Amino acid sequence: MSAATVAVRDVSRWYGNVVAVNGISFELGPGVTGLLGPNGAGKSTLLHMLSGFLAPSAGEVEVLGESPWRTPGIYRRLGLVPERESVYGLLTGYDFVLLNARLQGLADPHAATRKAIETVELAGAAGRATKGYSKGMKQRVKVAAALVHEPEVLVLDEPFNGTDPRQRLHMTELFRRLGAEGRTLLFSSHILEEVEQLAERVLVIVGGRLAASGDFREIRRLMTDRPHTFTLRTSADRRLAGALVAHKSVLGVELSDGRLVVRTSELGAFARALPLIARDAGVSLHELRPTDESLEGVFSYLVNR
Amino acid sequence: MTLYAGGLRSAFGLGRRTSAKVIPFALAVLAFVPALVQVAVGALTSRLDADVDLFAHEDYFGYVQIILILFCAAVAPELVGRDQRDRSISLYFSRAVSRVDYALAKLAALVSVMLVLTLGPQMLLFVGNGMVEDDLDGYLRDSWDLLPPILAGALFLSAAIAGVGLAIASFVPRRAYATAAIVGVFVLTTSVAGILMETADVSFARYALLVSPLVWEGAILWFFGARPDPGSEIRDADFHGAVYAVAGVVTILATTALTIVRFRRMQA
Amino acid sequence: MIGIVFRLTLRQLIGRGRTLMMGLLALLPVLVAVVYRLGSQDTDQAEWAATVLFEGLIVTTLLPLAAVVYGTAVLGSEIEDGTAVYLLAKPVSRARIVAAKLLASWLATTVTVLVSGLAAGAIALAGEPGDGILLGFGVALVLGSLVYSALFVMLSVVTSRALIIGLVYVFLWEGLVNGLFAGTRLLSVRHYTLGVADLFVEAPERVFEAKLGALTALVLMAVVGAATTWYATRRLSRFEVGETT
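Each value, and the rule that gives it
Residues numbered from 1 in each chain as written. Chains lettered and ligands numbered in written order. Predicted model: local features only at pLDDT ≥ 70, side-chain atom pairs only at ≥ 80, totals over all residues. Helix = DSSP H or I, 4+ residues; strand = E, 2+ residues; numbered from the N terminus. Buried ≥ 20, exposed ≤ 12 C-beta atoms within 10 Å, placed from the backbone. Contact = placed C-beta atoms within 7 Å. Rg over C-alpha atoms; globule rule 2.2 N^0.38 Å. Pairing = 2+ DSSP bridges. Axes fitted to C-alpha atoms, helices over the stretch in contact; angles between N-to-C directions. pLDDT = per-residue confidence, 0-100. Parallel < 35°, antiparallel > 145°, perpendicular 65-115°, else oblique. Left-handed = near helix turned anticlockwise from the far one by under 90°. Nonpolar A, V, L, I, M, F, W, Y, C, P; charged D, E, K, R; others polar. Expected span 1.5 Å × (residues − 1).

**Q** Just checking my understanding: could you explain the overall build of chain A for this structure?
**A** When its secondary structure is counted, chain A shows ten helices and 13 strands. Principal-axis analysis of the C-alpha atoms places the extent of chain A at approximately 75 × 45 × 35 Å. The proportion of buried residues among the 305 residues of chain A is 43%. Within chain A, counting contacts between residues at least 6 apart in sequence, those at least 24 apart form 67% of the total.

**Q** For this particular structure, what's the right way to read the overall build of chain C?
**A** Broken down by element type, chain C carries nine helices and zero strands. Each helix and strand of chain C, ordered N terminal to C terminal, gives the series α-α-α-α-α-α-α-α-α. By the compact-globule yardstick of 18 Å for 245 residues, chain C fits well, its C-alpha radius of gyration being 19 Å. For chain C, the spread of C-alpha atoms along the principal axes amounts to about 65 × 40 × 30 Å. Taking all 245 residues of chain C together, the buried fraction comes to 53%. For chain C, the proportion of contacts with a sequence separation of at least 24, taken over those separated by at least 6, is 81%.

**Q** It is not clear to me how the sheet that holds strand E12 (residues 259–264) of chain A should be interpreted in this structure. Could you clarify?
**A** Strands pair in a sheet through their backbones, by hydrogen bonds, and they do so in one of two ways: parallel or antiparallel. Residue and element names in this part refer to chain A. Pairing is antiparallel across the open sheet formed by four strands, whose spatial order is E11-E12-E10-E13. Bordering the open sheet on either side are strand E11 (250–256) and strand E13 (285–290), each of which pairs with just one other strand. For this sheet, the mean inter-axis angle between neighbouring strands, taken without regard to orientation, is 20°. When E11 meets E12, the two strands line up antiparallel, connected through six bridges. Bridge pairing in E12 places Val253 opposite Val262. In this fold helix H8 (residues 237–245) packs onto strand E10 (228–234), E11 and E12, with an angle of close to 165° to the strand it touches most, E11.

**Q** Sorry if this is basic, but what is going on with the pairing of strand E9 (residues 209–214) of chain A here?
**A** Residues in a regular strand point their side chains to alternate faces of the sheet. Residues and elements named next belong to chain A. Sheet topology note: the strand E8 (residues 201–206)/E9 ladder contains five bridges and is antiparallel. Bridge pairing links Val204 to Ala212 in E9. Where E8 hands over to E9, the hairpin turn is made up of two residues, of which Gly207 adopts a positive phi near 60°.

**Q** What is the right way to read the sheet that holds E8(A) from this model?
**A** Residue and element names in this part refer to chain A. If you walk across this open sheet you meet the six strands as E5-E6-E7-E3-E8-E9, and the pairing is mixed. Where the open sheet ends on each side, the last strands, each with one partner, are strand E5 (78–81) and E9. With strand direction ignored, the average angle separating the axes of adjacent strands in the sheet is 15°. Strand direction decides the pairing type here: strand E6 (residues 153–156) and strand E7 (residues 184–189), joined by four bridges, are parallel. Each bridged residue has a counterpart across the sheet, and for Leu156 the counterpart in E7 is Phe187. Packed onto the sheet, helix H5 (residues 165–180) meets strand E3 (31–36), E6 and E7 and runs at close to 125° relative to E3.

**Q** What should I look at first to understand the interface of chain B and chain C in this one?
**A** Facing the 24 residues of chain B at the interface are 26 residues of chain C. Broken down by secondary-structure element, the contributors of at least two residues to the side of chain B that touches chain C are helix H2 (18–46), helix H4 (65–86) and helix H9 (175–199) of chain B. When residues of the side of chain B that touches chain C are assigned to their parent elements, the largest contribution, 15 residues, is made by H9(B).

**Q** Explanation requested: the pairing of E13(A) in the structure shown.
**A** All names here are of chain A. The element E13 is barely covered by neighbouring structure, given that only zero of its six residues are classed as buried. In terms of strand pairing, E10 meets E13 through five bridges, oriented antiparallel. Its bridge partner lying in E13, Arg233 is registered against Glu287.

**Q** I keep staring at the confidence of the model for chain C and nothing clicks. Help me out?
**A** Regions with low pLDDT carry predicted coordinates that are not meant to be interpreted in detail. In the predicted model, chain C carries a mean pLDDT of 88, and 94% of its residues have values of at least 70. For this predicted complex, the interface confidence score (ipTM) comes to 0.87, while the overall pTM stands at 0.84.

**Q** Even after reading the chapter, I still don't get the packing of helix H1 (residues 2–13) of chain C against helix H5 (residues 94–125) of chain C, so can you show me in this structure?
**A** Residue and element names in this part refer to chain C. Where H1 meets H5, the closest approach of the two axes is 8 Å, and the angle between their N-to-C directions is 40°. When the axis of H1 is compared with that of H5, the two are oblique. Where H1 crosses over H5, the handedness of that crossing is right-handed. Here H1 contributes Ile2, Val5, Phe6, Thr9, Leu10 and Leu13 to the contact with H5, which in turn contributes Arg96, Ile97, Ala99, Ala100, Lys101, Leu103, Ala104 and Ala108. Tallied by class, residues from the contact of H1 with H5 come to eleven nonpolar, one polar and two charged.

**Q** Is there a simple way to explain the interface of chain C and chain A in this structure?
**A** Reports of interface size often rely on the accessible area that becomes lost once the parts have come together. At the junction of the two partners, chain C supplies 23 residues and chain A supplies 32 residues. At the level of elements, H1 and helix H4 (84–88) of chain C are the ones that each hand at least two residues to the side of chain C that touches chain A. Residue composition of the side of chain C that touches chain A, grouped by class: ten nonpolar, seven polar and six charged.

**Q** Could you clarify how one ought to interpret the environment of A:Leu98 in this entry?
**A** All names here are of chain A. Along the polypeptide, Leu98 turns up in helix H2 (residues 93–103). Through-space distance from the C-alpha of Leu98 to that of Ser57 is 36 Å; in sequence the pair is 41 residues apart. Contact partners of Leu98, with chain neighbours within four places excluded, come to Pro109, His110 and Thr113.

**Q** Could you clarify how one ought to interpret unusual backbone geometry in this entry?
**A** Where the residue is not glycine, phi is negative for most of them; where a peptide bond is considered, it is trans in most cases. All names here are of chain A. One non-glycine residue, Asp10, lies in the positive phi region at around 50°. Relative to the elements of secondary structure, Asp10 occurs in strand E1 (residues 6–15). Phi angles above zero are rare outside glycine, and Glu150 is one such case at about 50°.

**Q** It is not clear to me how the environment of A:Ser188 should be interpreted in this structure. Could you clarify?
**A** All names here are of chain A. Within the fold, Ser188 resides in strand E7. Distance from Ser188 to Lys43, taken between C-alpha atoms, is 6.6 Å for residues 145 residues apart in sequence. Setting aside residues up to four positions removed in sequence, Ser188 forms contacts with Leu35, Lys43, Ser44, Leu47, Asp157 and Glu158.

**Q** How do you make sense of helix H9 (residues 214–237) of chain C when you look at a structure like this?
**A** For an α-helix, the turn length of 3.6 residues means that residues three or four places apart are oriented alike. For H9(C), built from 24 residues, the straight-helix expectation of 34 Å at 1.5 Å per residue is met to within 8% by its first-to-last C-alpha distance of 35 Å. For H9(C), the secondary structure elements touched by its buried residues are H5, helix H6 (133–158) and helix H8 (189–200) of chain C.

See below:
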């Protein structure tokens with residue numbers, strides 16, 4: 001296992017009586033990780049702590065081996081794309097990225113700026129003042145500003161906010177590429193498709209706690225006690241339903257729309273039993289489909305747990 | 001419509017973040033402090049049979065003037081600016097509320113809040129003075145005629161400050177600049193009027209007083225039937241007291257009209 | 001680094017509305033001086049210039065108003081808008097950032113009040129020996145701008161309500177309280193400024209007298225200026241973003 005670039009150990013953050021982040025621990029390495037959770041779950045709080053803009057109330061945060069709090073030097077290797085839309089409106093896109101390059105103390109700020117702007121495909125609009133940019137363009141210029149010093153770790157707070165599907169596709173491609181280059185990317189979102197399409201690894205945060213972490217298929221596997229639902233198309237739904245109901249692994253059956261929907265609590269036992277039950281009942285199985293194999297199903301289960 | 005004014009008052013006068021409430025609240029408390037001091041001192045010295053009268057009613061308004069100005073500067077931009085920024089102003093205008101009503105409701109809310117600061121300490125002073133008197137009935141009989149001028153003064157002052165403050169706030173969208181502008185306008189008109197009185201020909205310079213906060217002092221003195229201090233600008237200007245009252249009312253009407261016009265022109 | 005932030009801040013300070021407001025503000029003393037010259041002068045020109053114009057109008061009102069507007073704008077508005085992140089998420093020392101912002105506020109304030117003051121003063125004193133008034137108040141305004149700026153920059157790091165608090169400080173504390181309780185003048189930038197002016201103004205005391213001695217004023221200016229700047233740097237290095245989602 002490669003060395004972790006980001007490590008969070010039992011981190012909590014509270015404001016008076018309100019606990020925004022509650023005892024979260026995880027480690028990240030190179031690649032893209034998505035931080036998924038509903039609004040108010042504590043995603044931004046966590047990202048602020050990781051980027052040195054908030055001190056944890058308890059626990060330790062480590063980025064590239066040091067605590068980012070009160071460590072301006074870390075920004076040489078850390079890039080941040082903040083959530084807020086505002087940039088320096090009077091500056092052109094180019095000048096804004098150039099400003100960031102200069103503040104980073106880069107040896108050739110202009111070259112770095114040009115490269116960053118090309119990477120986000122903003123070359124055409126770079127000469128205009130950012131005041132007139134659309135939301136999607138502003139997001140892209142913010143990403144360029146965060147990339148200009150080629151950081152090892154990149155933290156992005158809701159980077160897809162306000163982007164249209166085409167821009168999202170392009171940015172997803174970009175982030176994937178950056179992850180493949182060996183950088184560590186952590187981005188937050190409350191929209192499932194965004195995380196599903198991009199993240200190699202998912203951290204699900206709900207109510208300040210880490211509800212689950214891992215590959216989203218892994219997350220599903222972690223929850224063997226979660227009821228699974230299957231939709232079947234058979235030659236004789238009613239007869240099969242009657243036979244299935246008797247089996248101990250079946251929680252319930254439902255006949256709807258020419259389909260048979262089965263809820264089961266024991267995935268393995270059901271999978272083994274189904275062919276035998278069908279054969280004994282003289283029913284042919286035409287189609288078997290899991291109904292909720294998606295992050296959506298996983299997510300709503302985790303949220304309601 | 002009147003319901004609306006009441007609704008707006010509670011919604012905006014008091015419904016702000018705690019941290020934002022601190023300053024207006026602190027200023028409000030400060031407005032009461034001299035009255036408290038007077039009452040406390042009065043209570044202590046009443047046993048000595050001395051008659052301590054630190055603050056006369058008509059002078060009290062002058063002492064707390066700066067506090068009232070700062071309060072208005074802190075509160076008025078919040079009242080107006082928030083809606084503009086949040087665009088909830090479209091919501092208000094799309095309902096059956098005319099823009100005139102909206103402006104008037106805001107004004108009413110601000111004046112009401114300021115009345116607490118102008119009338120409150122005065123009533124405290126009045127009641128406090130009464131309490132240290134041995135002869136309460138006698139005090140009331142002698143002093144009840146102070147009440148109308150107190151009321152008139154408080155209302156006049158509140159409306160004058162609120163009117164100007166709200167007008168400036170409605171023209172200056174950015175909250176911080178509105179605050180600075182409100183304080184700036186009041187302070188500078190006072191300074192300049194004072195300087196002009198000393199510097200230029202009095203018969204012309206005195207008109208500068210009529211567009212400055214000195215109008216309030218003049219009007220209040222007239223309400224109380226008191227004489228201006230020797231050496232003060234008001235004494236030198238030698239206007240009949242009613243002139244100040246009229247000037248003040250004109251200002252109140254003019255600023256209200258400006259505010260209404262501003263809201264009517266505003267893009268919703 | 002300081003230069004980059006300094007230039008960026010200056011660009012932001014020159015906004016249309018703000019410059020207009022400051023321009024009008026700066027014009028006021030000049031107009032007043034013109035009125036003075038046009039009218040009959042039965043007061044001594046030097047005395048009028050020193051006490052009425054400079055002490056009464058410029059140092060008391062113009063200087064703090066300009067400083068409060070610029071001082072809270074340089075850093076406060078960045079924090080409020082959310083652009084401060086771009087300055088802070090960089091390997092730049094917080095002290096340099098504060099220094100750059102302070103210099104920008106100082107420059108803007110000084111230009112505003114000095115041009116206004118020197119022009120108005122020159123008009124008022126025309127044809128009369130200056131008694132060091134222009135020099136004295138010139139220096140005082142330059143130093144006063146610095147200390148006021150430091151104070152307001154520090155306030156804008158500490159609180160989002162820096163502007164109104166600054167105004168309360170100037171007009172309630174320096175205005176009302178200093179007038180009532182002489183001891184509080186030790187904590188008043190206004191009186192430091194007047195004290196420094198006194199150093200150069202050679203006029204006799206009936207013309208102009210500051211309530212604080214010049215040496216006291218200079219020392220306190222240095223102390224207050226250094227302390228507020230140090231505190232601003234300290235708070236900025238512990239800057240926390242507010243709760244959004």
